[in-house]
Amino acid sequence: MSKKSDTKAIGIDLGTSITKLVGPGGKKIVKIPSLVGDPNPGWKGLGTDKSWLNNLMLQTDDGKKYFVGELARLQSEIKRPLADKGKMKSLKDAIIAIKAALSNFVEKDYGNFIVATGVPVASPQDEMVTLSKGLKGAMTINVANDATGEEKQINLKIDQCLVMPVCYGSYYEILKSSGEQRAVDAVVVDIGAGATNILTVYEGRLMRTASGSVQESITTLAERIASNLNQQTGKILRPFELIKSIEIGRKNVMIAGEQYDISETLTYYVNSIADIIVDELSTLLGTLPPDAWIEKVILTGGGAEVFGERMKNILTENNVVQSPEEVIVPEDPVLANAIGFQKIAQAQIDSKKKK
Ligand SMILES: Nc1ncnc2c1ncn2[C@@H]1O[C@H](COP(=O)(O)OP(=O)(O)OP(=O)(O)O)[C@@H](O)[C@H]1O
Ligand SMILES: [Mg+2]
């Protein structure tokens, strides 16, 4: 077998709340909280969850150890999010998290990869180049399972690292899964945990003036509801405590031992935040030439689950689409970018094989 046919295509979406990695054929999926933390030594082997993914510790070349993902979330005293307000915070931390997560894709001790990944739409070009350079090349990854103490050394080489605006993953995924051969004119609205990214594709080109981002997101929704409840009840509820309730659609929350019904407040802020996102979208689309015709609006990211229905209606009221059915939501909006990136990386491998 030639070396090339051993190369694996991996798609990576570094989100504010969740880092997602998708492997060949979309078969293997790794999702970890986007957190890196300091190690916190403790009792080993007592917990029931001994999986590598939830007990990931990485040692960098300079000998420093880091807890990554779920282990950092649960056990680190000091933890750092990889991104904030939809922007990458530290490239070094991002690379630590990606390396640790990649270790789950190597069965033997060696692996060759082509990686495609996304950065926020508003990221400057040099940030894309730095991320690409930081990931490319041969590396040795030293990981340990904090629950069992087991250690692994993995050697891998990233032959190529393609970096693009994050929403492009969902665009590619929708095109490929619908069997579309041409570059459809579309706008992708990715409502994430920390920001909403908007990317417009017109005549196959990424339109810079019609793309951008706003802070309105799941986090803003949680902040508004929390602040409203704090005023109503005089008790303190922190926004992040609400995110799980929003995610599972729970309408009753416990504040200092008492139950409160948040359904009205939730609907109110879902509507007002969706309005702000559509306003921004209309302004961005206003920069397109008058002959531009947007065929599809693709609504993606975890926020599509929360804001989807309202977004479909106001996009129709604002004449961005003619009917709510023209708004497309991928099958798995949280994973759609990573799935699309995986397919982009795969297409690179396939085109090299043909040559
Ligand atoms: N099924 C769901 N229903 C409602 N909310 C969900 C669902 N799944 C995920 N979420 C919420 O969506 C958010 C995660 O979405 P996503 O993975 O798109 O964000 P991200 O990529 O981490 O953030 P960003 O794109 O802003 O960097 C989380 O806040 C989560 O609570
Ligand atoms: Mg995202």
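Residues numbered from 1 in each chain as written. Chains lettered and ligands numbered in written order. Predicted model: local features only at pLDDT ≥ 70, side-chain atom pairs only at ≥ 80, totals over all residues. Heavy atoms only, no water.

Glancing now at the pattern of salt bridges. Scanning the entire structure with this criterion turns up 14 salt bridges. With its nearest N and O atoms 2.8 Å apart, the salt bridge here joins R80 to D93. On the criterion of sequence distance, the pair formed by R80 in strand 7 (residues 79-81) and D93 in helix 3 (residues 91-102) is long-range, its members being 13 residues apart. Look at D93 and you get buried, because its relative accessible area is 5%. Here R238 makes a salt bridge to E241, at a shortest N to O gap of 3.4 Å. (Salt bridge = Lys/Arg side-chain N within 4 Å of Asp/Glu carboxyl O. Helix = DSSP H or I, 4+ residues; strand = E, 2+ residues; numbered from the N terminus. Buried < 20%, exposed > 50% of the residue type's maximum accessible area, 1.4 Å probe, protein only.)

For the rest of this paragraph, the subject is the site of ligand 1. Taken together, 17 residues lie around ligand 1, and T16, S17, K20, G194 and E247 are the ones closest in. At 3.0 Å from an oxygen atom of ligand 1 is found a main-chain nitrogen or oxygen belonging to I18. Residue A193 places a main-chain N or O atom 3.0 Å away from an oxygen atom belonging to ligand 1. With the chains in place, 86% of the 640 Å² that ligand 1 exposes on its own is no longer accessible. Counting residues per element, the ones that place at least two in the shell around ligand 1 are strand 2 (18-22), helix 7 (239-248) and helix 9 (303-317). Here the residues of the shell around ligand 1 sort into seven nonpolar, seven polar and three charged. The residue makeup of the shell around ligand 1 includes at least three contributed by each of domain 1 (3-165) and domain 2 (167-333). (Near = heavy atom within 4 Å. Polar contact = N/O pair within 3.5 Å; in protein donor to acceptor, adjacent residues only side chain to side chain. Areas by Shrake-Rupley, 256 points an atom, 1.4 Å probe, with all protein chains shown as cover. Nonpolar A, V, L, I, M, F, W, Y, C, P; charged D, E, K, R; others polar. Domains from an automatic or database assignment.)

Another point: the domain arrangement of the chain. With domains assigned, the chain is organised as domain 1 (3-165) and domain 2 (167-333). Using C-alpha coordinates to define each centre, domain 1 is positioned 27 Å away from domain 2. Residue-level contacts link nine residues of domain 1 with 14 residues of domain 2. Regarding the contact of domain 1 and domain 2, the summed buried area is about 780 Å², with carbon and sulfur atoms giving 67% of it. The largest share of the area that domain 1 buries against domain 2 comes from K85, V121 and P165, three residues that together contribute 61% of it. Joining domain 1 to domain 2, the criterion identifies zero salt bridges. Taken together, domain 1 and domain 2 are joined by three residue pairs in polar contact (both at pLDDT 80 or more). Tallied by class, residues from the side of domain 1 that touches domain 2 come to five nonpolar, three polar and one charged. (Contact = heavy atoms within 4.5 Å. Buried area = accessible area lost by both parts, 1.4 Å probe.)

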